[in-house]
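Given next are the chains, with one letter for each unit.
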Amino acid sequence: MLEGRHYVEPLNFTTEEMEYLFALAGEIEKDPLLFRDACRGKVLATLFFEPSTRTRLSFEAAMLRIGGNVLGFAEPGSSSAAKGESLVDTIRTVACYSDIIVMRNPKEGAALLASRYSDVPIINAGDGGHHHPTQTLTDLLTIRQIRGKIGNIKVGFCGDLKFGRTVHSLVEALTRYEGISMVFISPVELNIPGYIKTGKLDSNRISYEETDSLEKVIADLDVLYMTRVQRERFFNEEDYIRLKDSYILNTEKMSGAKKDMMVLHPLPRVNEIDIEVDEDERALYFKQAKYGMYVRMALLSSIMGGVNA
Ligand code: NCD
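From a predicted model like this one, the values you see are computed outputs, not experimental measurements. Along each chain, residues carry numbers from 1 onward, in the same order as the chain's sequence is written. Reporting in this predicted model follows two pLDDT cut-offs: at least 70 for local features of residues, and 80 or more for side-chain atom pairs to be given and counted; totals over whole chains, interfaces and linings ignore these cut-offs and use all residues. Side-chain numbers here rest on the full set of heavy atoms in the structure, without hydrogens or water.

Engineer: Teacher, can you tell me more about the packing of aromatic side chains here?
Structural biologist: A ring pair, where both rings are aromatic, is described by two values, the distance of the centres and the angle of the planes. Only Phe, Tyr and Trp rings take part, Trp by its six-membered ring, and two of them pair if their centres are within 6.5 Å. Stacked means planes under 30 degrees apart, edge-to-face means over 60, and tilted covers everything else. Scanning the model with the defined rule gives eight aromatic pairs in all. Between Y7 and F13 the ring centres are 3.9 Å apart and the planes differ by 5°, which places this aromatic pair in the stacked class. We classify F13 as buried; its relative accessible area is 0%. Relative accessibility thresholds used throughout: buried, under 20% of the residue-type maximum; exposed, over 50%; partly exposed, between the two (1.4 Å probe, protein chains only).

Engineer: I tried to follow helix α1 (residues 15-30) on my own but got confused; where do I start?
Structural biologist: Three- or four-residue spacings in an α-helix give side chains the same orientation, since the helix completes a turn every 3.6 residues. Strands are runs of DSSP state E lasting at least 2 residues, helices are runs of H or I lasting at least 4, and numbering of each runs from the N terminus. Helix span, as expected, comes to 1.5 Å for every residue beyond the first. End to end, α1 covers 23 Å across 16 residues, agreeing with the expected 22 Å (1.5 Å per residue, within 8%). Listed in full, the buried residues belonging to α1 are E17, M18, Y20, L21, F22, L24, A25, G26 and I28.

Engineer: Sorry, what's going on with helix α7 (residues 194-201) here?
Structural biologist: Every buried residue belonging to α7 is among I196, K197 and L201, and all of these are buried. One side of α7 holds all its buried residues, which, seen down the axis, span an arc of 100°. The criterion used for residue contact is that any of the two residues' heavy atoms lie within 4.5 Å. Turning to α7, the residues buried within the fold contact α6 (165-174), β6 (180-185) and β7 (207-211). It is the directions from the helix axis to the C-beta atoms whose arc is reported.

Engineer: Would you mind going over the pattern of salt bridges with me for this structure?
Structural biologist: For side chains bearing opposite charge, pairing can occur when the charged atoms are close. Between Lys or Arg on one side and Asp or Glu on the other, a salt bridge is scored when a side-chain nitrogen of the former is within 4 Å of a carboxyl oxygen of the latter. As enumerated under the stated definition, the model contains 18 salt bridges in all. Notably, a salt bridge pairs R5 with E17, separated by 3.0 Å at the nearest N-O pair. Taken together, the positions of R5 in the segment before α1 and E17 in helix α1 put the pair twelve residues apart, joining distant regions of the chain. Among the residues examined, R5 registers a relative accessible area of 26% and is labelled partly exposed. Residue class for E17 comes out buried when judged on its relative accessible area of 11%. E232 is the salt-bridge partner of R228, the closest N and O atoms lying 2.9 Å from each other. Relative accessible area serves as the criterion here: at 16%, R228 is assigned to the buried category. According to the relative accessible area criterion, E232 is partly exposed, its value standing at 44%. Look at the salt bridges and you will find they share partners, linking E50, R165 and R233 into a network.

Engineer: Please explain the site of the ligand as it appears in this structure.
Structural biologist: Each residue is tested against the molecule or strand, and it is near if at least one of its non-hydrogen atoms lies within 4 Å. What surrounds the ligand is the set T55, R104, H132, Q135, R165, T166, R228, Q230, P266, L267 and P268. Contact between the ligand and T55: an oxygen atom at 2.8 Å from a side-chain N or O atom of the residue. A distance of 2.9 Å separates a nitrogen atom of the ligand from a polar backbone atom of P266. The accessible surface values rely on the Shrake-Rupley method and a 1.4 Å probe; as for residues, cover is taken only from the protein chains in view. Isolated, the ligand exposes 320 Å² of accessible area, and the fraction of that covered by the protein chains is 94%. As used in this structure description, the phrase polar contact means that two N or O atoms lie within 3.5 Å; if the pair is within protein, one of them must be able to donate a hydrogen and the other to accept it, and residues adjacent in sequence are counted only when both atoms belong to side chains.

Purely geometric stuff here, so don't read any function into it on its own.
Right, dumping it as structure tokens:
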């Protein structure tokens, strides 16, 4: 269904195409060995110009588990980018050696640019503070698998809503489902950007509220999406230090939440979720990381045409 496609922004795929991926990821979770040859002989290049643990390793694990091979760099200092090579030249070159490219870059729009010049599909694994569409697949799959469907939920986004690309992508994707309302919980300096409010929420008549108090709204939420304050996108360290511990989710705050509220976090966590919360069965962020691998197995095999659809 998705053969040969780029994936740069969450809405590049229709809800039907996403549902196809979620269903496939569910099949893979049940019996991963059935898919062990889906990408036999294919080569994935992972080009990470910014740090990553889960995204890069889950992509690499995904490709290896479906029979493909992996090459790439995790450190731009070890690539010709350090010699001043342009992104376009790097992409054109790597496209000669691989069948699909996953890239992360600090510049907004980098993946879109790459997709215009690449002879092989480009998957955006994060472009600055803009988008991170495969994290959105991960987040939506987790909601779907736990709740049975995506829709009729109040989702709270807490933390750095200004720079958090996972938030921007998930908000945009959620606007296409029924019965979604959103609560944005952040210090005023880290509010969700105006272009998302007017361009994505108001224009789709999504109901939302903004607050700086997690305690005031936690009881109403079905999903709480916690995020890290994005230190690397701040212009000065003082602002980061002032804002970094704005919200810390702990067992006391959890006691005011619904019994089935899902706590999600794209990870890495710094201080924003106390480790005591990890024991709470509503804490789903490590399960979410595992779903990230399954949905990437589904994505790679679909784009590479390794599964029949
Ligand atoms: C996120 C990212 O890179 O945007 N991490 C991830 O991919 N799971 C979130 C973050 O870095 O805070």
